[in-house]
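A look at the structure
Residue strings, one per chain:
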Amino acid sequence: MALFDLSDRARELQDRLSGFMADHVYPAESVYAHQMAETADPHVQPPVVEELKAEARRRGLWNLFHPHPQTGAGLTNLEYAPLAEIMGRSPLAPEACNCSAPDTGNMEVLELFGTEEHRTTYLEPLLAGTIRSAFAMTEPAVASSDATNIELSMVRDGDDYLLNGRKWFTSNALHPHCTVLIVMGKTDPTAPIHRQQTMMVVPIDAPGLTILRGVSVFGYQDRGGHAEIDFADVRVPARDVLKGEGEGFAIAQARLGPGRIHHCMRAIGMAERALELLCRRAQSRVTFGKPLADNANIGDWIAEARIDIEMTRLLTLKAAYLMDTVGNKGAQTEIAAIKVAAPAMALTIVDRAIQVHGAAGVTEDFPLATAYAHLRTLRLADGPDEVHKRAIARNELRAYRHLRPQKG
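Residues numbered from 1 in each chain as written. Predicted model: local features only at pLDDT ≥ 70, side-chain atom pairs only at ≥ 80, totals over all residues. Heavy atoms only, no water.

1. Focus: the UniProt feature "domain: Acyl-CoA dehydrogenase/oxidase C-terminal" (unreviewed entry) in the protein
As a reminder, the rule being used: UniProt positions are given in the numbering used here, feature names are shortened, and annotations may be inferred rather than shown by experiment. Each helix is a run of H or I in the DSSP string that is no shorter than four residues. Each strand is a run of E no shorter than two, and both are numbered from the N terminus.
Under the UniProt annotation, the feature "domain: Acyl-CoA dehydrogenase/oxidase C-terminal" (unreviewed entry) is placed at residues 246–395. End-to-end, the C-alpha atoms of residues 246–395 are 26 Å apart, and along that stretch the chain is 77% helix and 3% strand.

Given below as structure tokens:
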């Protein structure tokens, strides 16, 4: 489709990234599993990950997500989207290329809204891949699908703010290299509802900040962790406020648009990998005297998977194109739509691949069980399906508002 023609550079990066995946990333998956099995700590940094990072840098496959040419690859959302899909085929690839969440969103925020001190202390090491970061927004005590509910207080005290409250699902906070959080809290409960929230840069070793536990996901402890964190009079200098008091929601919108493209394209990559595994298993396994692939329901699953992947990819590329040409606001319906469609589509394909693999599909011998847990979580992360559907419906209904009965 001419609308989605990519530059020669973008296509060349796809070829190089695919080669890196084949030569290094896929072979490293079994090495990674072995190195993780050798330790009792689920949050260590296995040596093979650092080896992959060094190779990615050597090949010029580093910070591909970052749209700023001075510090990143300088690609558009449309150019980066196929690269995110390729990396989504393996859980190791995004970190290997320094393109993993939540660091990508945090680097964007620091690039756009950080001070020179933030750039020197955090952004430059993040771009170099020597530290990691986390984003603290979700809270256990309130329904965080409505971010206006967040309760962590940020009270001005002279030249500082005092932070009190609790966060959880602060992904990456247990990574051994995590040194900084971006925290969203409430500075003015009396302000208009979308001007009450503020984001601040907070070192992970700040006095009063206590990591209580790593929250499991379907029984898994992800290596970066999903930390529950207590803030008890955590003192943050006013200079560490990002953009300004009350700008938390504006920053979130700038952060989440590109992040959702990345999530959705990685989900499509997972779906492609699952479909490949499904086809291999269906052709090679025999039950009741014939290959699994000869069963009509398996053929239907394969055909439906290909149709659904192609439809979802086109919708996601359309969203990326619109973000590049008319901005996040102009693409808000498409961004919401892909966030619903991509994880659900990929989850169905992974589930069917698990079924074709039988008992093996739920073990660590294949990447399917881990992918399932991740994708099911993704239907909640960055806003649950219902929130995005609500936004889509409101946009659709806006043109018919004049038909509503008048009150009174």
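Resuming the write-up.
2. What about the environment of leucine 13?
Rule in force here: Note on contacts: a residue pair is in contact if any heavy atoms of the two residues lie within 4.5 Å.
Its location among the elements puts leucine 13 in helix H1 (residues 8–37). The contacts of leucine 13, once residues within four sequence positions are left out, are Gly60, Leu61, Leu64, Leu75 and Leu83.

3. Overview of the environment of arginine 285
Residue placement: arginine 285 occurs in the loop between helix H7 (248–284) and strand E8 (286–287). When the C-alpha atoms of arginine 285 and lysine 389 are compared, they prove to be 40 Å apart, with 104 residues separating the residues in sequence. Setting aside chain neighbours within four positions, we find arginine 285 in contact with Lys290, Pro291 and Leu292.

4. Considerations on the UniProt feature "domain: Acyl-CoA dehydrogenase/oxidase N-terminal" (unreviewed entry) in the protein
The UniProt feature table records "domain: Acyl-CoA dehydrogenase/oxidase N-terminal" (unreviewed entry) at residues 8–129. End C-alpha to end C-alpha, residues 8–129 measures 27 Å, and it is 66% helix and 0% strand.

5. Observations regarding the pairing of strand E2 (residues 153–157)
Put simply, the test is: DSSP calls a pair of strands paired once it identifies at least 2 bridges connecting them.
Note: E2 against strand E3 (residues 160–171), five bridges, orientation antiparallel. By the bridge assignment, arginine 156 is partnered in E3 with tyrosine 161. The loop that links E2 with its antiparallel partner E3 comprises two residues; one of these, glycine 158, has a positive phi angle of about 70°.

6. A word on the domain arrangement of the protein
The criterion, for reference: Either an automatic procedure or a domain database provided the assignment from which the domain bounds are taken. Values labelled buried area give the accessible surface lost by two parts on being combined, using a 1.4 Å probe and summing over both. The term salt bridge refers to a side-chain nitrogen of Lys or Arg lying within 4 Å of a carboxyl oxygen of Asp or Glu. For this scheme, ten residues count as nonpolar: Ala, Val, Leu, Ile, Met, Phe, Trp, Tyr, Cys and Pro. Four count as charged, namely Asp, Glu, Lys and Arg, and the remainder, Gly too, count as polar.
Domain boundaries in the protein define domain 1 (8–101 + 108–114), domain 2 (132–242) and domain 3 (249–401). A separation of 29 Å is found between the C-alpha centroids of domain 2 and domain 3. Each partner contributes residues to the interface: domain 2 has twelve residues there, and domain 3 has eleven residues. Here domain 2 and domain 3 share an interface that buries about 1000 Å² over both sides, 79% of which is from carbon and sulfur atoms. For the pair domain 2 and domain 3, the number of links is zero salt bridges. For the side of domain 2 that touches domain 3, the per-class residue count stands at eight nonpolar, four polar and no charged.

7. Observations regarding the pattern of salt bridges
We apply this condition: Think of it in three bands: with a 1.4 Å probe and only protein chains considered, a residue is buried below 20% of the maximum accessible area for its type, exposed above 50%, and partly exposed in between.
All chains considered together, the criterion is met by 29 salt bridges. Here glutamate 85 makes a salt bridge to arginine 313, at a shortest N to O gap of 2.7 Å. Of the two residues, glutamate 85 sits in helix H3 (residues 77–87) while arginine 313 sits in helix H8 (residues 296–326), which places them 228 residues apart along the sequence. Among the residues examined, arginine 313 registers a relative accessible area of 15% and is labelled buried. Shared partners join several salt bridges into a network, and the residues in it are Glu85, Glu272, Arg306, Glu310 and Arg313.

8. Here's the deal with the side chain of glutamate 111
Short version of the rule: Counted as a polar contact is a pair of N or O atoms within 3.5 Å, where, for protein atoms, one must be capable of donating a hydrogen and the other of accepting one, and residues adjacent in sequence contribute only when both atoms are in side chains.
With respect to the element layout, glutamate 111 can be found in helix H5 (residues 103–113). The exposure class of glutamate 111 is buried, given its relative accessible area of 16%. In terms of polar contacts, glutamate 111 uses its side chain to reach the side chain of threonine 71, at 3.0 Å. For glutamate 111, the residues in contact, after removing those within four places along its chain, are His66, His68, Thr71, Arg119 and Leu123.

9. Re the pairing of strand E4 (residues 178–186)
Burial analysis of E4 places eight of its nine residues in the buried class, which makes it a mostly covered element. Strand direction decides the pairing type here: E4 and strand E5 (residues 197–203), joined by seven bridges, are antiparallel. Bridge pairing in E5 places isoleucine 182 opposite valine 201.

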